[in-house]
Amino acid sequence: KGQFARETSEFFPEAQLYCFEPLAAPYRTLSEWAEGQGGRVRCFNTALGESNGEVTMHQHDDHSPSSSLLASTDTCHELYPQTRAEHMTTIQITTMDEALADAMASMPRDILLKLDVQGFEDRVLRGGRQVLSQCRAVVLEVCVEPLYQAQANFHVITKLLYEAGYKYAGNLDQAYGKDG
């Protein structure tokens with residue numbers, strides 16, 4: 001629904017924002033907000049990954065932000081019971097490089113890339129190598145405990161970012177398991 005975009009626009013009111021949301025209802029909310037932002041926010045009704053086409057998404061009925069292209073693990077259901085109720089929905093997917101190809105020529109190079117893609121981070125990074133090479137910083141959500149089947153672990157994600165010229169600089173926020 002654009003939670004991060006809304007917060008970011010408070011701190012950076014001149015920034016251009018490119019927002020991606022594959023699910024219809026959250027996309028409507030996001031695009032309605034974007035319409036009031038004077039043309040500085042572009043919304044894309046698609047998921048990001050390392051290919052183009054249609055894919056099936058696990059849409060969580062009671063908590064759409066937890067929806068993922070990957071199936072939830074038992075740990076996810078235990079920690080976040082609202083992820084138990086889900087249905088499958090077909091959505092569009094493209095690569096970040098493809099989606100932003102036209103915009104990159106005029107985009108400023110102090111790009112902040114923020115990803116919250118529920119375990120699909122490695123695929124988005126692989127499909128966005130050109131965009132990633134132009135970014136100044138990357139903020140993404142990483143779960144040490146797998147919440148989604150076949151999600152990349154911390155090592156894989158940091159290796160992809162390291163190979164792109166980035167280094168780990170710390171946590172913005174952190175949640176802990178019951179065992180600490």
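Cut-off values and rules
Residues numbered from 1 in each chain as written. Predicted model: local features only at pLDDT ≥ 70, side-chain atom pairs only at ≥ 80, totals over all residues. Heavy atoms only, no water. Pairing = 2+ DSSP bridges. Helix = DSSP H or I, 4+ residues; strand = E, 2+ residues; numbered from the N terminus. Axes fitted to C-alpha atoms, helices over the stretch in contact; angles between N-to-C directions. Phe/Tyr/Trp six-rings, centres within 6.5 Å; stacked < 30°, edge-to-face > 60°. Buried < 20%, exposed > 50% of the residue type's maximum accessible area, 1.4 Å probe, protein only. Lys NZ or Arg CZ within 6 Å of the ring centre and 35° of its normal.

A.B. asks: Looking at this model, I keep getting lost on the sheet that holds strand β5 (residues 86-95). Mind explaining?
C.D. replies: In a beta sheet, neighbouring strands pair by backbone hydrogen bonds and run either parallel or antiparallel. Reading across the sheet, the three strands line up as β3-β5-β4 and stay open at both edges, with mixed pairing between neighbours. The open sheet terminates on both sides in strands that have one partner only, identified here as β3 (47-49) and β4 (53-60). Each strand axis lies, on average, 50 degrees off the axis of its neighbour in the sheet, ignoring direction. Note: β4 against β5, eight bridges, orientation antiparallel. Bridge pairing in β5 links Q59 to H87.

A.B. asks: Please clarify how the environment of K159 should be interpreted in this entry.
C.D. replies: Note that K159 resides in helix α8 (residues 154-163). When the C-alpha atoms of K159 and D122 are compared, they prove to be 9.8 Å apart, with 37 residues separating the residues in sequence.

A.B. asks: I'm lost on the packing of aromatic side chains in this one. Help?
C.D. replies: For any two aromatic rings, the description comes down to two numbers: the centre-to-centre distance and the angle of the planes. Taken as a whole and judged by the stated rule, the model has two aromatic pairs. Aromatic side chains F20 and F44 sit 4.5 Å apart centroid to centroid with 15 degrees between the ring planes, which places their arrangement in the stacked category. Of this pair, F20 sits in strand β1 (residues 17-20) while F44 sits in strand β2 (residues 41-44), and the two are 24 residues apart along the sequence. Judged by its relative accessible area of 22%, F20 falls in the partly exposed class. Judged by centre distance (5.5 Å) and plane angle (85 degrees), the rings of F154 and Y168 are edge-to-face. In this pair, F154 is assigned in helix α8 and Y168 in the segment after α8, connecting sequence segments 14 residues apart. Looking at K114, its charged tip hangs above the ring of F4, at a distance of 5.0 Å from the centre.

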